[in-house]
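What the coordinates show
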Amino acid sequence: MTGPNDVPRYVVPSASDATSVLRRLARAGWSTREGFALTDGGWDVAGARLVLYGRVPDLETVHLVVMAAARGAGVVAITDAVGDVGRALVADLGRLGPVYRAADADPEPGEGDLVGQLVPEQRALLERLANGETIAAAAAAEFLSLRTANRRIAQARQLLGVRTTREAVLAYLRNRR
């Protein structure tokens, strides 16, 4: 059974930091779910090995995060730890056990080396996606067919060892040169 100090409690400043932490926790057997509301009937959810994640913009969300953690769920909260909301969150979570920051999260091994192996077309597409363009718009801007763009992005995902295009974009942003 998971003890109270074994439950992950992270406060990270960005979505890319959260993705890195969540990926590591998923490999360790935790299931992840966005949002901090627990609607399950039972109080103790520690046996489910569930990690809830999301942005924490206000004190109402801080309350949801702390309640989820008190019920045994792991949490990965995205907020500025030095702002008023972040300080309140870290203080309240700290009463339940250790709270980890982004610096405590292990970086993905070799991910930076993998980004360097992307071909220029893949880099250009990921850069455009990071800037908010759709795959179709990025393909048109790079003079590629949509099918070729999707294939290049799928190859980039495979090279980076991620499942989704979003994860590929985040890995690219973390390690672009």
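This text goes with the structure placed above it.
Now for a description of the structure that goes with this document. (Residues numbered from 1 in each chain as written. Predicted model: local features only at pLDDT ≥ 70, side-chain atom pairs only at ≥ 80, totals over all residues. Heavy atoms only, no water.)

Looking only at helices and strands, one finds 8 helices and 5 strands in the chain. Beginning at the N terminus, the succession of helices and strands in the chain can be written as β-α-β-β-α-β-α-β-α-α-α-α-α. Residues counted as buried form 44% of the 177 residues belonging to the chain. Within the chain, counting contacts between residues at least 6 apart in sequence, those at least 24 apart form 62% of the total. Accessible surface, the chain as shown: approximately 9200 Å² in total, 53% of it carbon and sulfur. (Helix = DSSP H or I, 4+ residues; strand = E, 2+ residues; numbered from the N terminus. Buried < 20%, exposed > 50% of the residue type's maximum accessible area, 1.4 Å probe, protein only. Contact = heavy atoms within 4.5 Å. Areas by Shrake-Rupley, 256 points an atom, 1.4 Å probe, with all protein chains shown as cover.)

With that settled, the discussion passes to the packing of aromatic side chains. The tally for this structure, following the rule as stated, stands at 1 aromatic pair. When the ring of Tyr 10 is compared with that of Tyr 100, the centres are 5.3 Å apart and the planes differ by 40 degrees; the resulting orientation is tilted. Of this pair, Tyr 10 sits in strand S1 (residues 9–12) while Tyr 100 sits in strand S5 (residues 100–101), and the two are 90 residues apart along the sequence. Classification of Tyr 100 as partly exposed rests on a relative accessible area of 28%. (Phe/Tyr/Trp six-rings, centres within 6.5 Å; stacked < 30°, edge-to-face > 60°.)

Where charged atoms from two side chains of opposite charge come close, those side chains can pair. As enumerated under the stated definition, the model contains 5 salt bridges in all. In this structure, Arg 95 and Asp 92 form a salt bridge, with 2.5 Å as the shortest nitrogen-oxygen distance. Given the relative accessible area of 64%, Arg 95 is considered exposed. Among the charged side chains, a salt-bridge network with shared partners connects Arg 128, Glu 133 and Glu 142. (Salt bridge = Lys/Arg side-chain N within 4 Å of Asp/Glu carboxyl O.)

The element strand S4 (residues 74–78) is extensively covered by neighbouring structure, given that 5 of its 5 residues are classed as buried. Alternating positions in S4 separate into two faces, Gly 74, Val 76 and Ile 78 on one and Val 75 and Ala 77 on the other, with burial throughout. Sheet topology note: the S1/S4 ladder contains 4 bridges and is parallel. Following the sheet pairing, Arg 9 is matched in S4 by Val 75. Here strand S3 (residues 50–55) runs beside S4; their pairing, made up of 5 bridges, is parallel. (Pairing = 2+ DSSP bridges.)

What follows is about helix H7 (residues 146–160). With 15 residues, H7 ought to run about 21 Å at 1.5 Å a step, and its terminal C-alpha atoms sit 21 Å apart, in line with that. Every buried residue of H7 is listed here: Thr 148, Ala 149, Ile 153, Ala 156 and Leu 160. Seen from one end, H7 has its buried residues packed into an arc of 135 degrees, which puts them on one side. In H7, those exposed residues whose orientation departs by more than 90 degrees from the buried face are Arg 147 and Gln 158. (Expected span 1.5 Å × (residues − 1). Arc of directions from axis to C-beta.)

With respect to the helices, strands and loops of the structure, Thr 19 is situated in helix H1 (residues 15–27). Ignoring any residue separated from it by four or fewer positions in sequence, one finds Thr 19 in contact with Arg 166, Glu 167 and Leu 170.

Its identity is not glycine, yet Arg 49 carries a phi of approximately 50 degrees, on the positive side. Looking at the element boundaries, Arg 49 is found in the loop between strand S2 (31–34) and S3. Since its relative accessible area comes to 28%, Arg 49 is described here as partly exposed. The phi dihedral of Phe 143 falls on the positive side, at around 60 degrees, and the residue is not glycine. Its location among the elements puts Phe 143 in the loop between helix H6 (135–141) and H7. For Phe 143, a relative accessible area of 77% gives the class exposed.

Read across the open sheet, the 5 strands follow the order S2-S3-S4-S1-S5; overall the sheet is parallel. Every interior strand has two partners, whereas the edge strands, S2 and S5, have only one. Across the sheet, H1 is in contact with S1, S2, S3 and S4; its angle to S4 comes to roughly 165 degrees. Across the sheet, helix H2 (residues 59–70) lies against S1, S3 and S4, angled at about 160 degrees from S4, the strand it touches most. (Axes fitted to C-alpha atoms, helices over the stretch in contact; angles between N-to-C directions.)

Note that all results are geometric; they support no functional claim without further evidence.
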